[in-house]
Each structure stands twice: as structure tokens, then as C-alpha cells.
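Structure assessment
Listed here are the chains, written in short residue letters.
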Amino acid sequence: MPFALTEKLFFRLCLLSPYSSTVPRTWKLLFAKSFGNLQAKMALVRASRYFLPTWKEDPAEAELPSHKLMLRAGMIRKLAAGIYTYLPLARRVLHRIEGIIREEMDAIGGMEITMPMIHPAELWAETGRLQDFGPILGRFRDRAGREMVLGPTHEEVITDIARREIRSWRQLPLVFYQIQTKFRDEPRPRGGLIRAREFTMKDGYSFHESKEDLDRFYREIYQAYLNIFHRCGLPVVVVEADPGLMGGSESHEFMLPNPYGEDSFIQCENGDYAANLEGAVSLKDEDPPEPLLPVEEVATPGCYTIEAVANFLGVPTRKTAKAVFYRTPKELVFVVIRGDLEVNEAKLARALGTGEIWPATEEEIAACGAVPGYASPIGIRRNGVKVVVDDSIPKARNLVAGANREGFHLRNVNFPRDFQADIVADVAMAREGDRCPRCGGRLRIQRAIELGHIFKLGTKYSEAMGATFLDREGKPRPLIMGCYGIGVGRLLAAVIEAHHDEEGIIWPAHLAPFQVVVSVLNPDHDELLRLGEDLARALDEAGFEVLLDDRDQSAGEKFHDAKLWGIPVLLVVGPRAAKQNQVELERRADGAKFAVSAEPKAVVEKVRELLERARA
RNA sequence: CGGAGAGUAGCGCAGCCUGGUUAGCGCGCAUGGUUCGGGACCAUGAGGUCGGCGGUUCGAAUCCGCCCUCUCCGACCA
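These numbers were taken from a predicted model, which means no experiment stands behind them.

With that settled, consider the pattern of salt bridges. Between side chains of opposite charge, a pair can form as their charged atoms come close. What the rule picks out here adds up to 56 salt bridges. Between R163 and E126 there is a salt bridge; the shortest N-O distance is 2.8 Å. Linking R163 in helix α7 (residues 155–165) with E126 in helix α5 (residues 121–127), this pair joins segments that are 37 residues apart in sequence. Residue E126 is classed as partly exposed on the basis of its relative accessible area of 35%. Ionic contacts of the salt-bridge type, sharing partners, join the residues K284, K347, D390, D391 and D426 into one network.

Quick look at the structure:
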């Protein structure tokens, strides 16, 4: 579409986003000329003078296709684990991706800003996240000894701006975003740009006077995110997510299904439910009715696991009740769950209303009077121990549970006849093959790359940091916030994951670092080189970004590099076709070849046609 | 943090088990020449603290110990 814009529209586009990389350069020049300022030179990009360090072989350190290809194509280089340099080819694509993000963010009223990368630690202490983030936070002291952190995200910083500057409901809503480098000292970086420690992120923050206005904007940004990923050629799945450390109520993740993904989500075969595994819900069957039998103690020597007990007594694991102990900052938690299910710690933490939980130690378990391996919900000493019963338990009958005595279990335990709970909640991990809570369809677990995440934060940060405004009644109220992230480097890698073959990358035309590579097979033949330069210049003037491959290398190497780089159209200027006053065009996506007259007009025409079809 | 694997020239690897001249191979790189349409060929050449430190030994890339780094699986992950 940019190639078909009218000039008037273009000027508006330029004013809106002067750095947009999707605007053809010729029009930028026109724009510049009409204001009588800079005369940008249109120097051809010559491969012989450009930095394109390609590798013939797969690097040993990479596993994922995108990681291998980015290293081989000379896009990135590693400095340390999870820390990369973006070389020119990668930078060019990033400009385009960032351009798309800026257009979509600007279109919903976003204002681009840049916040500091270095934050005083005390700012993070205000919200408690200095603690919560723990070792993931990069920290150092400045020369005065003040504790500083490397920003892993920017809720605190933007909320600090908000509390200083936002006074009245009349100023709202406000939407800010930035595209910036973040640092998170992840315990395990992996997959190149898929999970890096230093990475580029688009993070956005919105401020609202009401929950309703946040809801309204949330729908807008949700759509903007879909636009961004669709324009990048990525079929994302939107997934209900757990807000986790960020806090807040509603949250969605934008996932690209991929076998190498760093994340997983669960999806109904009928497409009406998709959720991150952390928060996924599935149906739990009710046991067929059977009379409740009296509790009876049975000897189960050496049966410390559910499997052992079930085997020993000859019952299925789903006829047992499993005891699992956790510790929170406040208390010990005793979870009772059906024996065939696992506890989902994220769901448990939410049910408890606490940020952090971790498995209890044997000592802690023993301290409350429970016998590890034989712990029982019956007769557990209740002081200081919170009993959480998974909602699978009330639906089950006559379960086998621990007897709280070494070597013994109880048969026919029933809730609530035999024991009570402080909380009954769904704290079970959803499993592959479980049934969908919406339609009863089968659930499948899929690996995926998390590309974006949006949150309704509510007032978590504004309350903690005292960011208030005066509402329509003149009363001070905490700002209602949302935050919205996209992993830009990860997005770049994801595009390659979704668009490549054995020979290299296959960029969607509007993301490609160059749309055309003009390969002069014998650059030392003056005539051929001149023809290549003329055609490259003509393409450049027509608004395409052109790489002139004038390197003195064998034709085979140049063809292979062109495929590796994934440039959508290859224009071959060689002696064979030149004899008939022709050149050859080859489309990267399917290898289709076309002979064209070596006239600039004809070449530009054909290239334009090929690119139109190559759009994602 | 738990488990597994790896570190030898820019890249990919052999050598190590069974210690012994000057540490190899392929690719790449430099120079000269021949080539020139799907990763050419010939000749010459540069390039190595064998991850680091310590130990054993007459002698260590090779055996032992400690440490560092990287990769994969898991835990973790706005």
C-alpha cells in the first residue's frame, strides 16, 4: 500500500511518523526537497562495502532455526550468554518492525517517549518489586554508593512521571510507549533472541480515570497487537494469561505456536478457549455416585508416593487424595488434591492471594505434626496451617488418604464428612487431553513463543506510589493503569521461525532488509557492472531498497547468500542473459525465475509485480 | 539452582582413552595465477597462552584437582 499512496497522504504520514521505515525513501527525499533542507544522497548499498559476514556452516552453539539463520546470515553476534549485537542486516529489519509497531501504537493515541535504563533502587522498593524480582534485577552501585538497578520493565518509572504530572481527570486518558533495551538476568537464556537477557522491548503504559475507560482502551490495544503481529506475517493465538508478578486483573498473551517456543499454552480443539498453562482451567469429572463408606485404616508399608499406594491397594490414582505442602511468607499451606492431578503453583498462589509460594521442607511439614509420605487431611493440627482443598476433592468419593502414621493409609475418606478446608478452589494443573471448561472439547498443550503480553494493572502501582488524580467530583483517586509489552527482538526471531526454508530466511516483502538484491555475476566486467548499477539505481529511485552485490565471488556463493539473507527478489545481471539484452529475476519464496528485458522500466515493473505478490 | 554435554586457529571438527619430535584436517583469510551462472582450481603464506590456575611427571592438549565460560533438559520466567 505505501507504494500506492498519494503525495498528500504521504505528507500526512510523514508528519505522523517521520521515522517510519515503511515510507519509501524517494518520498522522504521529495519531502525533504520541498522544505529545502537536507539533500540525502542516494548512494547504492554495495555488498562489497557493506558488513555482511555470512557463515557457510551451522554454528555449534545454535539449536533453533532462527538462531542459526541469524548467525549464519550475519545478523547477530553473541557477546555473552543472552547478550547480542545486532549487525546491519538485523538492524534494518528491526527498523521495519519498529515502524509497524509505532504506526499501530500511534494510531491508538500512543505517544513515544524514552525512559532511563538505569533506575534508583529505592524507586523499586516503593512497590516491593526490588524484592519480588530478586536476582533477575541487574544491580550496581554508583560512585556515591547509591544502589541502582538496570530496568527490566518500567511501571515504576512511568508511575513516577504520572504522580508528578497528572493532576486532573481532564488530562486522561494518556498512553505512552517506548522501544528500548531492557536487562533481565534470566537464570537460563536460550534460543538466541527468543530468550535473551538484554533485549529490545516495546513497553506501553496507559492511565485512565475509570475501569470502564481502561476496558475500552484494552480492547483497542488488543486489536492493535493483532494488527502488529498480522502485519509481521505471524498467525498468533491470543491466550488468557496469569498476571503474575505484574499484578492486576485481566491479562492476555499473544503466542506464536512453535515447537521451539519458550512457553506453553493450552488450547481447546474447538478454538473457544486458550490459556497460558499457568492459569489454565479444565473440567474435572464427578465420580459416579456410590455410597459413602466408613473410614478404615489399612497398612501400606513403604508407600511414600501416590503411585506406590495406588499400586499396593489396587486402586486408580484418581481414587486417592494427595497431600502437598507449601510455604508462604505468612503460613504453611496444606493442599489436598486428587492423586492423579498436580498442583499448579500459580493458581494456588492466586487462590491464597499471595505473591510467592515455595514447597515446604520436611522439617516444616513435620513441625505441624504431619508425617511426610503419610500426611493426612484428617486430624491435621490446624493452628498456623491453612488447608486448601482442590475442587476435584468434593467431586470424588471414598478416597485413599494418608493416615498420618508411618506405614498406614485411610480408605473411604470423604470431604467434607471427614475433614474441612479453609479454602476450596481450583488449584490443579490442566493436562493434555482434559476437557474444555467452555465446551467440553479436548484440550491440547502447545509450545509457543510469547510475543506480546497486555495487562489491566488497575491501581497496584498508582496506590503503592501515590499516583492520584482529582476525579470529576474533585476527589483524589489512584490512577487506573494498563501495561502492554512486545518483545521486539523475539518478534524478529519469530518472523524467521515462521518464514524460512533449508536454504535461509524468506522475509515478507515489507519486512525485508532489502527488497531486491542485484547480483552482478562478473563485477570486473565494466559493462555488466554498469548495467547492474543502472538497474539498482532505477529500482532505488522507484522506492525499493536495493543491495547491489558487486562482490568478486563465484556466482554460486552470491546466490546462496541471497537466499540466506532472504531478500524477496533476486535480480541476476550475468553475461549469458545480457547477450540477449536481458536480466533474470528470481523470487525467493518459490524460486520462480523470469527473464526480463534489461531496460530499467521493464525491470522496475516486474520487480514491483513480484513484490506485490510476496507480501505476507 | 539440579541433571547432561562441550571448550584445540575466525568457523566446523580430529587428536585425549593408552603422556613423548615442530598440534592436525576442512572451510575461511592473505598474495600471485588460472577460472567465472547455483558454495571453482593451482601455488605460496599468515594465523594457536590446546578456556584459566594449580598439581602429578624427566616430559601434559592428553592424567588429577579447583575455577571460568558456553550449549541442551529441568526448576524459574512482566
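This part takes up unusual backbone geometry. Residues L172 and P173 are joined by a peptide bond in cis, for which omega reads -5 degrees. Tracing the backbone through its elements, the reader meets P173 in the loop between α7 and β8 (174–183). Looking along the chain, the bond that leaves F415 and enters P416 is cis, with omega of 0 degrees. Positionally, P416 belongs in the loop between β20 (408–413) and β21 (423–425). Of note, N398 is a non-glycine position whose phi angle comes to about 50 degrees, a positive value. By the secondary structure assignment, N398 is in the loop between β18 (385–390) and β19 (399–405). Positive phi outside glycine occurs at N412, with the angle close to 60 degrees. By the secondary structure assignment, N412 is in strand β20. Look at N412 and you get buried, because its relative accessible area is 10%.

This part covers the side chain of K319. Summarising the element assignment, K319 is placed in the loop between α9 (306–313) and β15 (321–327). Within the local environment of K319, its side chain forms a polar contact with the backbone oxygen of R397, the two atoms lying 3.0 Å apart. Ignoring anything within four residues of it in the chain, the contact list for K319 reads D287, E290, R397, N398, L399 and V400.

A separate point is empty space enclosed by the protein. On inspection of all chains with the given rule, the structure shows two cavities of 30 Å³ or more. Of the voids in this model, the largest cavity is the one considered here, and its volume is about 60 Å³. Around the largest cavity, the lining residues are F559, A562, K563, I567, V569, L570, E586, R587 and R588. Those elements that place two or more of their residues in the lining of the largest cavity are α15 (555–565), β30 (569–573) and β31 (582–587). Per element, the largest residue contribution to the lining of the largest cavity is three residues, and it comes from α15. In terms of residue class, the lining of the largest cavity is built from five nonpolar, no polar and four charged.

The subject of this paragraph is the packing of aromatic side chains. Ring pairs (aromatic) are described by centroid distance and by the angle formed between their planes. Tallied over the full model, the rule gives 11 aromatic pairs. Relative to F229, the ring of Y225 has its centre 6.0 Å away and its plane inclined at 85 degrees; by these criteria the two rings are edge-to-face. Taken together, the positions of Y225 and F229, both in helix α8 (residues 211–231) and four residues apart, correspond to about one turn of that helix. The class of Y225 is buried, set by a relative accessible area of 0%.

Judged by how many residues are buried, helix α13 (residues 488–498) sits mostly within the fold: 10 of 11 residues are covered. Of the residues making up α13, those classed as buried are V488, G489, R490, L491, L492, A493, A494, V495, I496 and E497.

Packing of helix α3 (residues 65–72) against α13 leaves a shortest axis separation of 8 Å and a crossing angle of 105 degrees. Here α13 runs roughly perpendicular to α3, going by the angle between their axes. When α3 is examined against α13, the residues P65, S66, L69 and M70 are found in contact with a partner set consisting of L492, A493, I496 and E497. In terms of residue class, the contact of α3 with α13 is made up of six nonpolar, one polar and one charged.

Reading the values: rules and limits
Residues numbered from 1 in each chain as written. Chains lettered and ligands numbered in written order. Predicted model: local features only at pLDDT ≥ 70, side-chain atom pairs only at ≥ 80, totals over all residues. Heavy atoms only, no water. Salt bridge = Lys/Arg side-chain N within 4 Å of Asp/Glu carboxyl O. Helix = DSSP H or I, 4+ residues; strand = E, 2+ residues; numbered from the N terminus. Buried < 20%, exposed > 50% of the residue type's maximum accessible area, 1.4 Å probe, protein only. Polar contact = N/O pair within 3.5 Å; in protein donor to acceptor, adjacent residues only side chain to side chain. Contact = heavy atoms within 4.5 Å. 1 Å grid on protein atoms, 1.4 Å probe; cavity = no way out; pocket = protein on both sides within 12 Å on 5 of 7 lines; lining within 4 Å. Points joined across faces, edges and corners; volume = space filled by probe spheres on them. Nonpolar A, V, L, I, M, F, W, Y, C, P; charged D, E, K, R; others polar. Phe/Tyr/Trp six-rings, centres within 6.5 Å; stacked < 30°, edge-to-face > 60°. Axes fitted to C-alpha atoms, helices over the stretch in contact; angles between N-to-C directions. Parallel < 35°, antiparallel > 145°, perpendicular 65-115°, else oblique.

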